[in-house]
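Coordinate analysis (summary)
As a plain string of letters, each chain reads:
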Number of protein chains: 4
Amino acid sequence: MIKQTATLLISCPDQRGLVAKFANFIYANGGNIIDADQHTDFEAGLFLTRIEWLLEGFNLPKDLIGQAFNAIAQPLGATWELHFSDTVPRIAIWVSRQDHCLFDLIWRHKAKEFHAEISLIISNHPHLQEVAAQFGIEYHHIPITKDNKLEQEIKQLELLRQYNIDLVVLAKYMQIVSANFIQHFPQIINIHHSFLPAFIGANPYHRAFERGVKIIGATAHYATADLDCGPIIEQDVVRVSHRDNVDDLIRKGKDLERVVLARAVRSHLQNRVLVYGNKTVVFE
Amino acid sequence: MIKQTATLLISCPDQRGLVAKFANFIYANGGNIIDADQHTDFEAGLFLTRIEWLLEGFNLPKDLIGQAFNAIAQPLGATWELHFSDTVPRIAIWVSRQDHCLFDLIWRHKAKEFHAEISLIISNHPHLQEVAAQFGIEYHHIPITKDNKLEQEIKQLELLRQYNIDLVVLAKYMQIVSANFIQHFPQIINIHHSFLPAFIGANPYHRAFERGVKIIGATAHYATADLDCGPIIEQDVVRVSHRDNVDDLIRKGKDLERVVLARAVRSHLQNRVLVYGNKTVVFE
Amino acid sequence: MIKQTATLLISCPDQRGLVAKFANFIYANGGNIIDADQHTDFEAGLFLTRIEWLLEGFNLPKDLIGQAFNAIAQPLGATWELHFSDTVPRIAIWVSRQDHCLFDLIWRHKAKEFHAEISLIISNHPHLQEVAAQFGIEYHHIPITKDNKLEQEIKQLELLRQYNIDLVVLAKYMQIVSANFIQHFPQIINIHHSFLPAFIGANPYHRAFERGVKIIGATAHYATADLDCGPIIEQDVVRVSHRDNVDDLIRKGKDLERVVLARAVRSHLQNRVLVYGNKTVVFE
Amino acid sequence: MIKQTATLLISCPDQRGLVAKFANFIYANGGNIIDADQHTDFEAGLFLTRIEWLLEGFNLPKDLIGQAFNAIAQPLGATWELHFSDTVPRIAIWVSRQDHCLFDLIWRHKAKEFHAEISLIISNHPHLQEVAAQFGIEYHHIPITKDNKLEQEIKQLELLRQYNIDLVVLAKYMQIVSANFIQHFPQIINIHHSFLPAFIGANPYHRAFERGVKIIGATAHYATADLDCGPIIEQDVVRVSHRDNVDDLIRKGKDLERVVLARAVRSHLQNRVLVYGNKTVVFE
């Protein structure tokens, strides 16, 4: 049986005694820390930590932990998130016409790589309806045009609310999500098919081919109002040569996109990603 | 004993029979091909090839090979270069204050990784004079300011001429070489400390740190009038994390810069790099 | 429309004029070479080449090409294979209980990465019957025990004959195929879940964990009578750390196994793999 | 100015409250933790941690810290090491005829990548005497034969004692150090020129070539009585192909050996490596 845990993600102005204070909070209440990691950004004067402990034997009931921890966090000026492993996050996968990331995410979900439910697929095209049906996942076709984008985004937001979605995964959605949308629903992971910040925007593989690069990449990042400029969670690369034409770059890139997106989603779902400024700390 | 070879690098509008015609030229004159590679860029309609053969037993004297081959090449509209392995190219290494690429190039030269002579070191600083002395290489200190750049470049060109230099290696020279200079001496390999086209220009490691990338890179390319935009010869990358500050990126980057520059210089010296458009074919 | 091609894979004692002779054969018959690559193993005195040319405009009918080429090849002592791009090879995928390689191969087939038909799935377990059904592929459950192996292999061979199978892909089959079987059907690609020759045999991930390696790998190779010792086609690796337990190695390894197997199968299907001795040349 | 720190490396049977107890020890004495990392091996029931804190403002004098910490450690059954950043470890580099690792270590030392002094070079050959002289490092030529090994090792041990050596780096020493020697001086890092456990023992590049691997590697590990079987600190790999002959593998391998050895030495010198069983935790 998998044991239930609680996880704190904390950002705090750096000062003496932080590790002791946070660890004491867990220990004093009978908790057993199974994973702790920390990072100090000395330039920013910021202490960032992730602490995970067993709920078994912990004296505080789950619904009082946050309040109790806040009594310690507030005087220190800390901001924090608290997550419980028995809460299963709900994902909406957004796709366009390409199926490789969708297939991959579904397969990984079946293989229990993700602690989550895939509750919903949203697409601006009908093409992957069949894949959704094959695996018994709800599919909503919401076509986007220049003219209807605003109202369609309202529909999308309504769906996310209706399905209690915690995380949107843009699995090659190929559409720009508006700043307004992101403000209403900021938990969005996007996969961009280049080694950002190279080739921001459209057709990165074509531009990589034009430039004659010897390596191509993929980048998973949180979506922000600035296109392809959000905090990077994960990147990886693969070597290419003059023998690879644009189709080869696209083919090789798909393998990258699949693993890079999957690693980012998995890290996020394990509450291992802490955003600060426009960067991430990924506690491994 | 290492056997002497001749190498042809050929670019030619694609057409039927090219491989046969080029191979027949070698065979008819008694040559034995020891390495041949080709690439067809179907979009550009261009056939690119590298052919290396043993001079032993070849019926044509060295000084007639070019003329004889041209009789075949001209009707096909081909452009070509002919190189002989018993010609030892002469390199000038240009440095600034950092010594890692210089040390590395010198060590590889001693280890016989490069078929070349390091004839000259040019620097805008006096710092590495001692290293040059240690290994018995001429060192010319040519300080560059905004005001004297033009005249100093004339001095540099004069030195290259005087030393019969075939290749300039910008081994962290940290100065922009003018378009005019490049026009007069186009055989220049530069190492840029980023994964181009990301972070063109100054301070790429600082900007990589700011952006929070998870991988950094280095790029060796031929210098052209457009800063950091010349044909890429080689790139490589290394993984970084939130734990790495700018100094760590610089340290890890040095290891990349050394090997990427060395691989590019070696490929160039082996006449394995064929530039077409703004790209390279690197025959391996 | 994709143009039809013929491909020759040739092994030949090294001698003067081989490139010219082979290229002339194509050119004299009106063929246009679109890809040619070669390798000389000087120690073995062996010349190995792959030549692909357009059938359009080629004067020899397909069924006479082999005979005509043999007239050139025989005096040179060459051995050769001839393949046509309009022949679609037929694959049998052999699996056990794990589905990741199977899913991946099927997805790539749908994505047109493989020039082949997946005609048959054979398994010693019934577990993946459903996957086969989902994608409309025949599934044969042939349980293997110590006692029935010999007769079951006869059944398997019979199935391969019946379905005209050209290539068997052991996609985590987890059983040793007998030397006798391989003698009757030698075209077998296996994926081994380690960086061979490290961790030959059973439980490589457990043994990698025990040994405390910092990198794990996967290897695709042709199956031979010696377990995990056949010619290697492709390998790749991924970094691991003390944080990764055996389950993590298995999870990370699956991503490797998928791409390494897929690259090997693709190279084989494109007739890019030439076996000589116990090694391969993979023409890229 | 670089601030002085103390570092604890602790191994301890896993139990509730360890993080709190260790952090409280630092905090109660006025210390500021700047880096802390931990790992729990659940199978082994072992908690492993590295804690580094500023000595400035710490109330305990340096020579009392160990004793004070032991009062906490002993009841928990912990074993521990205490290191101070103002103690500069002394290294002896052992070489044979190859200079690439030696040059690299010396260059990195000059570049301040290592917090250490290179006090001594020992070799079974006279070849690199000149390099030592060039950089002003003591060089002891101690030739080893089958017959004199025992007595020569006694001389070597005597030298290590005389120079107060803390760490021996076998930088391509190419000799087996006896179990007896290792028992007397266990702090030895070796670079092996293969991706261990593949190609244990002699001539790994030749054997890699014979086997036809597509990737080669290098491994830095602590030397133990079992040849090439000690705890692995760092590994890395590079891709090779059929075009690479043994000399190419050796050349490419040198680049690997240099960085892999350097990373391992650096991690060791920063007290980031904790050995347990036959494995390492490398706190990054």
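These figures come from a predicted structure and were not determined experimentally. (Residues numbered from 1 in each chain as written. Chains lettered and ligands numbered in written order. Predicted model: local features only at pLDDT ≥ 70, side-chain atom pairs only at ≥ 80, totals over all residues. Heavy atoms only, no water.)

**Description of the interface of chain C and chain A**
Taken together, the contacts link 20 residues of chain C with 20 residues of chain A. Buried area between chain C and chain A, both sides added, is near 1900 Å², and the carbon and sulfur share of it is 47%. Three residues stand out in chain C for area buried against chain A, namely C:Trp107, C:Arg251 and C:Arg258, and they jointly supply 30% of the buried area on that side. Summed over the shared surface of chain C and chain A, the number is six salt bridges. For the salt bridge of A:Asp248 with C:Arg266, the shortest nitrogen-to-oxygen distance reads 3.9 Å. For the interface between chain C and chain A, the tally reads eight residue pairs in polar contact (both at pLDDT 80 or more). Elements with a contribution of two residues or more to the side of chain C that touches chain A: helix H3 (100–110) and helix H8 (246–269) of chain C. Sort the elements by how many residues they give to the side of chain C that touches chain A and H8(C) lands first, with seven residues. By residue class, the composition of the side of chain C that touches chain A is four nonpolar, two polar and 14 charged. (Contact = heavy atoms within 4.5 Å. Buried area = accessible area lost by both parts, 1.4 Å probe. Salt bridge = Lys/Arg side-chain N within 4 Å of Asp/Glu carboxyl O. Polar contact = N/O pair within 3.5 Å; in protein donor to acceptor, adjacent residues only side chain to side chain. Helix = DSSP H or I, 4+ residues; strand = E, 2+ residues; numbered from the N terminus. Nonpolar A, V, L, I, M, F, W, Y, C, P; charged D, E, K, R; others polar.)

**Some thoughts on the sheet that holds strand E11 (residues 232–239) of chain A**
Residues and elements named next belong to chain A. Spatially, E7-E6-E5-E8-E9-E10-E11 is the arrangement adopted by the seven strands of the open sheet, whose pairing is mixed. Looking along the sheet, the strands with just one partner apiece sit at the ends: strand E7 (139–141) and E11. Along the sheet, successive strands turn relative to each other by an average axial angle of 15°, direction set aside. Where strand E5 (residues 90–95) meets strand E8 (residues 167–170), four bridges bridge the pair, whose relative direction is parallel. For Ile93, the partnering residue across the bridge sits in E8 and is Val169. Against the sheet, helix H5 (residues 149–162) engages E5, strand E6 (117–123), E7 and E8, with an angle of about 170° to E6. (Pairing = 2+ DSSP bridges. Axes fitted to C-alpha atoms, helices over the stretch in contact; angles between N-to-C directions.)

**Some details on the pattern of salt bridges**
Residues and elements named next belong to chain A. In total, this model carries 80 salt bridges over all chains according to the counting rule given. Residue Arg161 is joined to Glu158 by a salt bridge in which the shortest nitrogen-to-oxygen separation is 3.2 Å. Here the residue Arg161 and the residue Glu158 both occupy positions in helix H5, the gap between them amounting to three residues, near one helical turn. Given a relative accessible area of 56%, Arg161 falls into the exposed group. (Buried < 20%, exposed > 50% of the residue type's maximum accessible area, 1.4 Å probe, protein only.)

**Observations regarding the side chain of B:His100**
Structurally, B:His100 can be placed in helix H3 (residues 100–110). In this structure the side chain of B:His100 is engaged in a polar contact, spanning 2.6 Å, whose partner is the side chain of B:Glu257.

**With respect to the relation of the copies chain B and chain A**
In screw terms, the move from chain B to chain A is a rotation of 180° and a rise of 0.0 Å along the axis, fitting with an RMSD of 0.0 Å. The relationship between the two copies is best expressed as a two-fold rotation axis. Proximity to the rotation axis, assessed at the C-alpha, singles out B:Ala198 in chain B; its C-alpha lies 2.2 Å from the axis. An overlap of 100% is found between the interface residues of chain B and their copies at the interface of chain A, pointing to a shared contact surface. (Least-squares fit on C-alpha atoms with pLDDT ≥ 70 in both.)

**Some details on the UniProt feature "domain: ACT" (unreviewed entry) in chain A**
Feature annotation in UniProt assigns "domain: ACT" (unreviewed entry) to the following positions: residues 7–94 of chain A. A distance of 28 Å separates the end C-alpha atoms of residues 7–94 of chain A, which is 30% helix and 42% strand. (UniProt positions renumbered as here; feature names shortened; annotations may be inferred.)

**What to know about the relation of the copies chain C and chain A**
Overlaying chain C on chain A yields an RMSD of 0.0 Å, the required transformation being a rotation through 180° with an accompanying axial translation of 0.0 Å. A share of 100% of the interface residues of chain C reappears at the interface of chain A, consistent with the copies meeting face to face through the same patch.

**Here's the deal with the sheet that holds strand E6 (residues 117–123) of chain B**
Residues and elements named next belong to chain B. In spatial order, the strands read E7-E6-E5-E8-E9-E10-E11; together these seven strands make up an open sheet with mixed pairing. Among the strands making up the open sheet, the edge pair consists of strand E7 (139–141) and strand E11 (232–239). Across the sheet, the mean angle separating the axes of adjacent strands is 15° when strand polarity is ignored. Here seven bridges tie strand E10 (residues 215–222) to E11, and the two strands are oriented antiparallel to one another.

**Re the pairing of strand E2 (residues 32–41) of chain B**
Residue and element names in this part refer to chain B. When you tally the buried positions in E2, you get ten out of ten residues, the bulk of the element. Of the strand pairs in this sheet, E2 and strand E3 (residues 46–54) are connected by nine bridges, and their pairing is antiparallel. The residue bridging Asp41 from the neighbouring strand is Leu46, located in E3. Here E2 folds back onto E3, and the loop between the two strands holds four residues, one of which, Gly45, carries a positive phi near 65°.

**Describing unusual backbone geometry**
Put simply, C:Leu196 and C:Pro197 share a cis peptide bond, and its omega is 10°. Mapped onto the elements, C:Pro197 comes out in the loop between strand E9 (188–192) and helix H7 (204–211). Phi at D:Lys112 takes a positive value of approximately 60°, unusual for a residue other than glycine. Within the secondary structure layout, D:Lys112 lies in the loop between helix H3 (100–110) and strand E6 (117–123).

**Quick notes on the domain arrangement of chain A**
Residues and elements named next belong to chain A. According to the domain assignment, chain A consists of domain 1 (5–84) and domain 2 (90–282). Here domain 1 and domain 2 have C-alpha centroids that lie 31 Å from each other. Counting from both sides, the interface comprises 13 residues of domain 1 and, opposite them, seven residues of domain 2. Looking only at domain 1, the three residues that lose the most surface to domain 2 are Leu9, Leu48 and Arg50, adding up to 47% of its buried area. Seen at the junction of domain 1 and domain 2, the total is one salt bridge. (Domains from an automatic or database assignment.)

**What to know about the packing of aromatic side chains**
Applying the stated criterion across every chain, the model contains 42 aromatic pairs over all chains. Ring centres 6.5 Å apart and planes at 40° place the aromatic pair A:Phe135 and C:Phe103 in the tilted group. Of this pair, A:Phe135 sits in the loop between helix H4 (129–134) and E7 while C:Phe103 sits in helix H3, each in a different chain. Here the two residues A:Phe135 and C:Phe103 agree in accessibility, since each one is buried. Seen from their ring centres, C:Trp53 and C:Phe58 are 5.4 Å apart, and the 55° between their planes marks the pair as tilted. For C:Trp53, a relative accessible area of 0% corresponds to the buried category. Overall, C:Phe58 belongs to the buried group, its relative accessible area being 8%. The ring of D:Phe84 carries D:Lys62 above its face, with NZ or CZ at 4.9 Å from the centroid. Geometry around C:Phe209 places D:Lys279 over its ring, the cationic atom sitting 3.3 Å from the centre. (Phe/Tyr/Trp six-rings, centres within 6.5 Å; stacked < 30°, edge-to-face > 60°. Lys NZ or Arg CZ within 6 Å of the ring centre and 35° of its normal.)

**Describing helix H1 (residues 18–28) of chain D**
D:Leu18, D:Val19, D:Ala20, D:Phe22, D:Ala23, D:Phe25 and D:Ile26 are the residues of H1(D) that are buried. Where the residues of H1(D) are buried, they touch helix H1 (18–28) and strand E2 (32–41) of chain A together with strand E1 (5–13), strand E2 (32–41), strand E3 (46–54) and helix H2 (62–76) of chain D. Immediately downstream of H1(D), the backbone of D:Gly30 shows phi near 85°, a positive value.

**Side note on the interface of chain B and chain A**
Taken together, the contact pairs 34 residues of chain B with 34 residues of chain A. Of all residues in chain B, the largest losses of buried area upon contact with chain A belong to B:Arg211, B:Lys214 and B:His242, amounting jointly to 24% of the total for that side. At the surface where chain B touches chain A, the tally comes to six salt bridges. Its salt-bridge partner being B:Arg239, residue A:Glu234 comes within 3.3 Å of it at the nearest N-O pair. At the boundary of chain B with chain A, the tally comes to 20 residue pairs in polar contact (both at pLDDT 80 or more). Ranked by residues supplied to the side of chain B that touches chain A, first place goes to E11(B) with seven residues. When grouped by side-chain class, the residues that make up the side of chain B that touches chain A number 14 nonpolar, eight polar and twelve charged.

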